[in-house]
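Here's the letter readout for the chains.
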Amino acid sequence: MSNENLYSLALPGVQKLIPYKAGKPIEELERELGLTQIVKLASNENPLGPGKQAIAAIQKVLPELALYPDGSGFQLKQALATKYAVDASQITLGNGSNELLELVARAFLTPECEVVFSQHAFAVYPLVTQAVGATAVVVPAKDYGHDLEAMAQAITPKTRLVFIANPNNPTGTLLPQADVEQFIGALPDTVICVLDEAYFEFVSQTEAFNSIAWLNKFPNLIITRTFSKAYGLAGLRVGYSLSCPEIADILNRVRQPFNNNTLALVAAEAALGDAEHLHNTISNNSQGMQLLTDGFKTLGLEWIPSAGNFVSVNIQREGLPVYDALLRKGVIVRPVANYEMPNFLRISIGTAAENNAFLQALGEVLA
Ligand SMILES: *Cc1c(COP(=O)(O)O)cnc(C)c1O
């Protein structure tokens, strides 16, 4: 048998799977182009880095790394339970919230199931759906956001799972909380709803999130959140879900026994208590969003108003060549042609210096 034929042994969904394409790592661009001063605004990471308290917590546990982590994540779950007024039994920790999306798919989907999500929604939803051989039902977006009415109409007796990203990545669109609540309330009990709130910390206070309160009335609701974005710990891979205890129990059955490492557990717990770093992160983000969108205005470009730490801008021509030209100037952004947005680039909000460097480079490339 030739090695090529090994593909035919893989699950049908896996045979056709195109792996997730991450933002280009800084080191890779350094190697390829011999550049040094690289600005990466491609993966919605925290431009301020991890907080001091998280770093201190990591340094403190380094001598204990010969021991396995606490597989139950007791301390971190206690901290989350206190902060969000839930019971620890409602929390599932994941190796990034990405792992939780995968665990949900593995625990609930068979090849007979349909999974509903929006056009332009986060790329991991189709991936986890296809990997288990389930059928993705992609609902056309409305003004780049989720069309909840159309999504409700797409539910069939085969639907087992719905993904909602609020705010969504890469569009940054935010759904009104009341609309989301109504949508989930109208779902059949047999449909699990994952409400992906990876960016909720960036949403302004006026849009106050009350999704946790819905857990009491919606047993089919799973909220996912992460330490990768606002908390600046993307490299450690920690996310969590909030759900009823029964769903947490189900997810707990399919996860690896030690899916969060020791450094991740202690850093996330410390980060949760570091209000100052979170505050600085959010304020840098709103200033940076203003700077970037003012810059777009000056360049005559339109963008999709974003509630996250990134913004997708319409550059009125094919995005890939502009992405490449920016790379050659040492600026990494994210092309989103794979999200059916070929004329857009997604820019993560950086520090003021990074945002200015990007705007300067973009102006030069588009001139
Ligand atoms: C970044 C992101 C995640 C997951 O990030 P993790 O690092 O795996 O926690 C989940 N959902 C959306 C919409 C994202 O943009």
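Residues numbered from 1 in each chain as written. Predicted model: local features only at pLDDT ≥ 70, side-chain atom pairs only at ≥ 80, totals over all residues. Heavy atoms only, no water.

J.: I'm lost on the overall build of the protein in this one. Help?
T.: Secondary structure summary: the protein contains 14 helices and 13 strands in total. Against the globule reference of 21 Å for 367 residues, the protein gives a C-alpha radius of gyration of 21 Å, in line with a compact fold. Overall size of the protein, expressed as C-alpha extent along the three principal axes, is 60 × 55 × 50 Å. The proportion of buried residues among the 367 residues of the protein is 53%. In the protein, the proportion of contacts linking residues at least 24 apart, taken out of those at least 6 apart, comes to 74%. Total accessible area on the protein is roughly 17100 Å²; 54% of this is exposed by carbon and sulfur atoms. Of the side chains in the protein, 25 bear a positive and 35 a negative charge, and the two mean positions are spaced by 3 Å. (Helix = DSSP H or I, 4+ residues; strand = E, 2+ residues; numbered from the N terminus. Rg over C-alpha atoms; globule rule 2.2 N^0.38 Å. Buried < 20%, exposed > 50% of the residue type's maximum accessible area, 1.4 Å probe, protein only. Contact = heavy atoms within 4.5 Å. Areas by Shrake-Rupley, 256 points an atom, 1.4 Å probe, with all protein chains shown as cover. Lys, Arg positive; Asp, Glu negative; His and termini not counted. Charge placed at Lys NZ, Arg CZ, Asp CG, Glu CD.)

J.: How should I be thinking about the domain arrangement of the protein in this particular structure?
T.: Assigned domains within the protein: domain 1 (4-49 + 276-366) and domain 2 (52-274). Put simply, the middle of domain 1 and the middle of domain 2, counted by C-alpha atoms, are 23 Å apart. Contact with domain 1, which involves 33 residues of that partner, is made by 29 residues of domain 2. Taken together, both faces of the contact between domain 1 and domain 2 bury some 2500 Å²; the carbon and sulfur share is 64%. Among the residues of domain 1 in contact with domain 2, L278, A307 and Y339 are the three that bury the most area, contributing 23% of the side total. Our count for the domain 1 to domain 2 interface comes out at 13 residue pairs in polar contact (both at pLDDT 80 or more). (Domains from an automatic or database assignment. Buried area = accessible area lost by both parts, 1.4 Å probe. Polar contact = N/O pair within 3.5 Å; in protein donor to acceptor, adjacent residues only side chain to side chain.)

J.: Looking at this model, I keep getting lost on the pattern of salt bridges. Mind explaining?
T.: Side chains that differ in sign of charge can pair as their charged atoms come close. Under the criterion given, the structure shown has seven salt bridges. One salt bridge connects R225 with E197, and the closest N-O pair in it is separated by 2.6 Å. Residue R225 is found in strand β7 (residues 221-226), and its partner E197 is found in the loop between β6 (192-196) and α9 (211-214); the two are separated by 28 residues along the sequence. Both residues of the pair, R225 and E197, belong to the buried class. One salt bridge connects D249 with R253, and the closest N-O pair in it is separated by 2.8 Å. (Salt bridge = Lys/Arg side-chain N within 4 Å of Asp/Glu carboxyl O.)

J.: I keep staring at the sheet that holds strand β2 (residues 91-94) and nothing clicks. Help me out?
T.: Strand pairing in a sheet is mediated by backbone hydrogen bonds. Such pairs are either parallel or antiparallel. The strand order across the open sheet built from seven strands is β2-β8-β7-β6-β5-β3-β4, with neighbouring strands paired in mixed fashion. Here the strands that pair on one side only, and so sit at the sheet edges, are β2 and β4 (135-139). The sheet shows a mean angle of 20° between the axes of neighbouring strands, direction not considered. Looking at chain direction, strand β5 (residues 159-165) and β6 are connected through five bridges and run parallel. By the bridge assignment for β6, V162 is matched with C193. (Pairing = 2+ DSSP bridges. Axes fitted to C-alpha atoms, helices over the stretch in contact; angles between N-to-C directions.)

J.: Explain the packing of aromatic side chains to me, please; I cannot follow it from the model alone.
T.: Here a ring pair, both rings aromatic, is described through the centre-centre distance and the interplanar angle of the planes. The tally for this structure, following the rule as stated, stands at 15 aromatic pairs. When the centroid spacing of 5.7 Å and the interplanar angle of 80° are considered together, the rings of F122 and Y125 count as edge-to-face. Exposure remark for F122: the relative accessible area of 14% places this residue in the buried category. Ring pairs connect the aromatic residues Y84, F200, F209, F227, Y231 and Y240, which therefore count as one cluster. Stacked on the ring of Y84, the Lys or Arg R225 has its end atom at 5.1 Å from the ring centre. Here the guanidinium or amino end of R225 rests over the ring plane of F200, the centre of that ring lying 3.5 Å away. (Phe/Tyr/Trp six-rings, centres within 6.5 Å; stacked < 30°, edge-to-face > 60°. Lys NZ or Arg CZ within 6 Å of the ring centre and 35° of its normal.)

J.: When you look at the site of the ligand in this model, what are you seeing that I'm missing?
T.: Residues in close proximity to the ligand include G96, S97, N98, F122, N169, D196, A198, Y199, T226, S228, K229 and R237, which together make up its full environment. A distance of 3.2 Å is found between an oxygen atom of the ligand and a side-chain nitrogen or oxygen belonging to K229. In the complex, the protein chains occlude 93% of the 390 Å² of accessible area that the ligand would expose alone. Applying the majority rule of atoms within 2 Å of the grid points places the ligand in the second largest pocket. (Near = heavy atom within 4 Å. 1 Å grid on protein atoms, 1.4 Å probe; cavity = no way out; pocket = protein on both sides within 12 Å on 5 of 7 lines; lining within 4 Å. Sits in = over half its atoms within 2 Å of the grid points.)

J.: Looking at this structure, I do not really get the sheet that holds strand β13 (residues 344-348). What am I missing?
T.: Taking strand neighbours across the sheet as the criterion, the four strands line up as β9-β10-β13-β12 in an open arrangement whose pairing is antiparallel. Where the open sheet ends on each side, the last strands, each with one partner, are β9 (302-303) and β12 (334-335). Where strand β10 (residues 310-314) lies against β13, five bridges are found, and the strand directions are antiparallel. When the bridges of β13 are listed, N314 appears paired with F344. Sitting on the sheet, helix α13 (residues 319-328) touches β12 and β13, and the angle it makes with β13 is about 40°.

J.: Explain the pairing of β2 to me, please; I cannot follow it from the model alone.
T.: The side chains of a regular strand alternate, first on one face of the sheet and then on the other. Here β2 shows two buried faces, one formed by I91 and L93 and the other by T92 and G94. Judged from the four bridges that link them, β2 and strand β8 (residues 239-242) form a sheet pairing that is antiparallel. Its bridge partner being in β8, I91 is matched across the sheet by L242.

J.: Sorry if this is basic, but what is going on with helix α14 (residues 352-366) here?
T.: Counting along an α-helix, one turn takes 3.6 residues, and residues three or four places apart therefore face a common direction. Taking 1.5 Å of rise per residue, the 15 residues of α14 would be expected to cover 21 Å, and the 21 Å separating its terminal C-alpha atoms lies within 8% of that figure. Listed in full, the buried residues belonging to α14 are N355, F358, L359, A361, L362, V365 and L366. Looking straight down α14, one finds its buried side chains confined to an arc of 170°; they lie on one side. In α14, those exposed residues whose orientation departs by more than 90 degrees from the buried face are A353 and Q360. (Expected span 1.5 Å × (residues − 1). Arc of directions from axis to C-beta.)

J.: Whenever I open this one, helix α12 (residues 275-298) confuses me. Can you help?
T.: A rise of 1.5 Å per residue sets the reference length of α12, with its 24 residues, at 34 Å; its end C-alpha atoms lie 35 Å apart and thus fit the reference within 8%. Every buried residue of α12 is accounted for by H277, L278, T281, N284, N285, G288, M289, L292, T293, G295 and F296. Directly after α12, the chain includes G300, whose backbone phi takes a positive value near 75°.

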